[in-house]
Amino acid sequence: MRLLVVEDEIKTADYLRQGLTEAGFQVSLARNGLDGHHLAMTESFDLVILDVMLPDVDGWRILQSLREAKNATPVLFLTARDSVDDRVKGLELGADDYLIKPFAFVEVLARVRSLLRRTQAPSTQEELQVADLEINLLKRRVSRAGKRINLSHKEFCLLELLMRHQGEVLPRSIIASQVWDMIFDSDTNVIDVAIRRLRSKVDDEFEPKLIHTVRGMGYTLEWEQDHES
Ligand code: CA
């Protein structure tokens, strides 16, 4: 995990760098706003810790540049000014969290970890679609060309896995561990049977076929739009 710390106060900066490094993060440190702005805009980080009050380019400006460049890296602000205005301004600019100086290191670490968890959580996407096949992950509903398809729990999990990885070939071993929570045993044909059932429901009555067998490798769900050569 790469973190950028932009802080002009030497003691605070060193303290943050040392603590975060010991906690296992890879820390880049910028001791002024100009360097911080440059690093934030040109390199990629998992999280940025930004001091608000910097002598040249202030924290607001850095955050603003990031968001204007559609860079959604989570930003934790360090501010000595505990005013409502500051918090509102930061939130409007797209800050993710605040820490009021002086702070305890454990608090920094807790905020950093929680922000990383929040932003790295698996997507909460509700629907997946490939061609005219749609699944709603919350309602656990599947339809193709507007027709409702009833799947068993395992079939649903299998279809979800294939759709999340559309176009990728999924080996049986991956399917086994993700859908059946088991180590693949080549003697069992449980996966092939489940794929056959899923196909009969999702592909048999429809065109184009979406689930494909890749001989000797596994299965893939793919919408091949152009077969012209
Ligand atoms: Ca400062």
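Before any of the text, the structure's been laid out above.
Residues numbered from 1 in each chain as written. Predicted model: local features only at pLDDT ≥ 70, side-chain atom pairs only at ≥ 80, totals over all residues. Heavy atoms only, no water.

1. Looking at the nonpolar core
Residues L158, L159, I175 and L221 are the most contacted members of the largest nonpolar core, which totals 30 residues. No other element matches the 7 residues that helix α6 (residues 153-164) contributes to this core. Sequence-distant contacts of L158, defined by excluding residues within four places in its chain, comprise I175, V179, W180, A194, I195 and L198. (Core = buried A, V, L, I, M, F, W, Y, C linked by side-chain atoms within 4.5 Å. Buried < 20%, exposed > 50% of the residue type's maximum accessible area, 1.4 Å probe, protein only. Helix = DSSP H or I, 4+ residues; strand = E, 2+ residues; numbered from the N terminus. Contact = heavy atoms within 4.5 Å.)

2. Looking at the pattern of salt bridges
Side chains that differ in sign of charge can pair as their charged atoms come close. Enumeration according to the criterion identifies 16 salt bridges in this entry. Ionic pairing is found between R2 and E43, a salt bridge with its closest N-O pair at 3.0 Å. A residue pair is termed long-range when its members are at least 10 positions apart, and R2 in strand β1 (residues 2-6) and E43 in the loop between α2 (33-42) and β3 (47-51) qualify at 41 residues. Residue classification places E43 among the partly exposed residues on the basis of a relative accessible area of 35%. Note that R67 is salt-bridged to D96, the shortest N-O span being 3.0 Å. (Salt bridge = Lys/Arg side-chain N within 4 Å of Asp/Glu carboxyl O.)

3. Here's the deal with the sheet that holds β3
Strand order in the open sheet formed by 5 strands is β2-β1-β3-β4-β5, and the pairing between neighbours is parallel. Pairing within the sheet leaves two strands with one partner each, and these edge strands are β2 (26-30) and β5 (97-100). Averaged over all pairs of adjacent strands, the angle between their axes in this sheet comes to 20 degrees, without regard to strand direction. By the bridge criterion, 4 bridges tie β3 to strand β4 (residues 75-79) in an arrangement that is parallel. Residue pairing in the sheet places L50 in a bridge with F77 of β4. Sheet contacts for α2: β1 and β2; angle to β1, the most-contacted strand, approximately 155 degrees. (Pairing = 2+ DSSP bridges. Axes fitted to C-alpha atoms, helices over the stretch in contact; angles between N-to-C directions.)

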